[in-house]
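In case you want the letters, here they are:
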Amino acid sequence: MAAPSNQPVYRATTTAPVNIAVIKYWGKRDTTLNLPTNSSLSVTLSQRSLRTLTTASCSPSYPAEDTLNLNGKPQEIQSSKRTLACLSNLRALRKSLEDADSSLPKLSTFHLRIVSENNFPTAAGLASSAAGFAALVRAVADLYQLPQSPQELSRIARQGSGSACRSLMGGYVAWRSGELADGSDSLAEEVAPASHWPEMRALVLVVSAEKKDVPSTEGMQTTVATSELFAQRVSSVVPERMTAIEDAIRVRDFPKFAEITMRDSNTFHATCLDSWPPIFYMNDVSRAAVRLVHDINRAVGRTVAAYTYDAGPNSVIYYEEKDSELVAGTVKAILGTNITGWDGPFYEPLANLTAPGVA
Ligand code: DP6
């Protein structure tokens, strides 16, 4: 047995939430820096049901190289340019602190061990990479005691996975695409805190917990290269919707927020269908949920529910607390029992909440 090391181990633990875009990020203008073709906007979900828990530690006694363990399985990070980019950015920030203050332990020179766990299906269109990279960046930043703001850290998380930059903040978060070639202005920004619209709820319907067919990174590149609808989405559709949805959030106009959310999900999936070869993320159960939401809204005579779909078949349905019974009650009653092939749980209605931090 190896003699116990008396070397110190430094450690930090954090959790990060999932965010679900209402204006979708789909397309990169620079694949190395992970810069998007368009701005996007998301709602950060509660960590009570969906979160990544990450512990980062470092020690002079850790051998060989940095390691990452996800859901109990070692990950190959030396070939993951994105993870390496995040870690080298964070190390450089730590090193500059150490250069300025020689009394600080030289954590930047030690190897890292990162252990991460999701409490929901990984890569099933539930934004696991968003919570994953946000938690990784936050945990290492905390370990290194970096003074950078969530917005400054969003520039680093973006390089891990674009959508991750939005999971560093709570509430309603925009990722401004930016214009600069070096990506320094491609950052997340809080549009409104969760407390601004406390009635907002989201219900997640896990239609399938299987890994998605076409990973987002690959799917969006196919769309950029082959879809004829895509150029219009980027040049006019999304910029107009960003302004309109920010206005709707500002005045808490649910029907307007809902219509823009549903239309943007539909446009995004239309560009996927318009890609060559076409990409399908939604399935029959997803489409049944779309029809049900429109049926509920029509029957009630006002817009009380909005669906949105990421790169997978699972539905996220936004509604307000006062309409819980109407929306969550109906969706659960109808889709929970009547659809054959249903194989997933419902996540309880979620308030849009917190930024990273141990929950
Ligand atoms: C459909 O952030 O997973 O969920 O930057 O290549 O890692 P990479 O892509 P990723 O794409 C998310 C796409 C989306 C829409 C969104 O979250 O805005």
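The structure this text deals with has already been given above.
Residues numbered from 1 in each chain as written. Predicted model: local features only at pLDDT ≥ 70, side-chain atom pairs only at ≥ 80, totals over all residues.

**Student:** Explanation requested: the site of the ligand in the structure shown.
**Tutor:** Lining the immediate environment of the ligand, one finds 15 residues, of which A21, Y25, S161, G162 and S163 sit closest. Of the residues belonging to the shell around the ligand, the class tally is five nonpolar, eight polar and two charged. (Near = placed C-beta within 6 Å. Nonpolar A, V, L, I, M, F, W, Y, C, P; charged D, E, K, R; others polar.)

**Student:** Help me understand the pairing of strand β14 (residues 315–320), please; the structure alone is not making it clear to me.
**Tutor:** Consecutive side chains along a regular strand alternate between the two faces of the sheet. Among the six residues of β14, five are classified as buried, and the element is accordingly described as predominantly covered. The pairing of strand β12 (residues 200–205) with β14 spans six bridges and is classified as antiparallel. The residue bridging L203 from the neighbouring strand is I317, located in β14. In terms of strand pairing, strand β13 (residues 305–308) meets β14 through four bridges, oriented antiparallel. Residue A306 lies in a different strand from β14, and its bridge partner there is Y318. (Buried ≥ 20, exposed ≤ 12 C-beta atoms within 10 Å, placed from the backbone. Helix = DSSP H or I, 4+ residues; strand = E, 2+ residues; numbered from the N terminus. Pairing = 2+ DSSP bridges.)

**Student:** Just to check I follow, could you spell out helix α5 (residues 230–250) for this structure?
**Tutor:** Each full turn of the α-helix corresponds to 3.6 residues, which orients residues three or four apart in the same direction. Taking 1.5 Å of rise per residue, 21 residues should cover 30 Å, and α5 covers 28 Å from first to last C-alpha, within 8% of that figure. A maximum bend of about 40° is found in α5 at V237, where proline P239 lies one to four positions downstream. Buried residues belonging to α5 abut β2 (19–23), β5 (40–44), β10 (172–176), β11 (187–192), α4 (216–226) and α6 (254–273). Backbone geometry just downstream of α5 places R252 in the positive-phi region, at approximately 50°. (Expected span 1.5 Å × (residues − 1). Bend = angle between axes of the 7 residues up to and from the residue. Contact = placed C-beta atoms within 7 Å.)

**Student:** I would appreciate a short explanation of the nonpolar core in the present structure.
**Tutor:** Nonpolar side chains in soluble globular proteins generally cluster together in the buried interior. Residues A134, V137, V140, A157 and I317 are the most contacted members of the largest nonpolar core, which totals 93 residues. Among the elements that take part in this core, helix α2 (residues 128–143) stands out by supplying 11 residues, more than any other. Beyond its immediate sequence surroundings of up to four residues, V140 is in contact with A56, L87, L90 and L112. (Core = buried A, V, L, I, M, F, W, Y, C linked by C-beta atoms within 7 Å.)

**Student:** Help me understand the sheet that holds strand β7 (residues 67–70) in this model?
**Tutor:** Picture the strands of a sheet paired through backbone hydrogen bonds; they go either parallel or antiparallel. Taking strand neighbours across the sheet as the criterion, the five strands line up as β1-β6-β9-β7-β8 in an open arrangement whose pairing is mixed. A single partner strand is all that each edge strand has here, and the edge strands are β1 (10–17) and β8 (73–75). When strand polarity is set aside, the average angle formed by the axes of neighbouring strands in this sheet is 20°. Where β7 meets β8, three bridges bridge the pair, whose relative direction is antiparallel. Across the sheet, the residue bridging to L68 is Q75, located in β8. Most of the contacts of α2 go to β1, to which it runs at about 150°, and overall it touches β1, β6 (51–59) and β9 (111–118). (Axes fitted to C-alpha atoms, helices over the stretch in contact; angles between N-to-C directions.)

**Student:** Would you mind showing me how to read the environment of G170 here?
**Tutor:** Structurally, G170 can be placed in the loop between α3 (150–160) and β10. By the C-beta count within 10 Å, which is 25 here, G170 ends up buried. Separated by 36 residues in the primary sequence, G170 and V206 have C-alpha atoms spaced 23 Å apart.

**Student:** I'm lost on the sheet that holds β10 in this one. Help?
**Tutor:** The strand order across the open sheet formed by four strands is β2-β5-β10-β11, and the pairing between neighbours is antiparallel. Among the strands making up the open sheet, the edge pair consists of β2 and β11. Between one strand and the next, the sheet's axes are offset by a mean angle of 35°, whatever the strand orientation.

**Student:** Honestly, unusual backbone geometry in this entry has me stumped. Any pointers?
**Tutor:** Here the residue pair W276 and P277 is connected by a cis peptide bond, since its omega of 0° sits within 30 degrees of zero. Note that P277 resides in the loop between α6 and α7 (284–300). For Q145, which is not glycine, the phi dihedral falls at a positive 50°. The backbone of R252 sits at a positive phi, close to 50°, despite the residue not being glycine.

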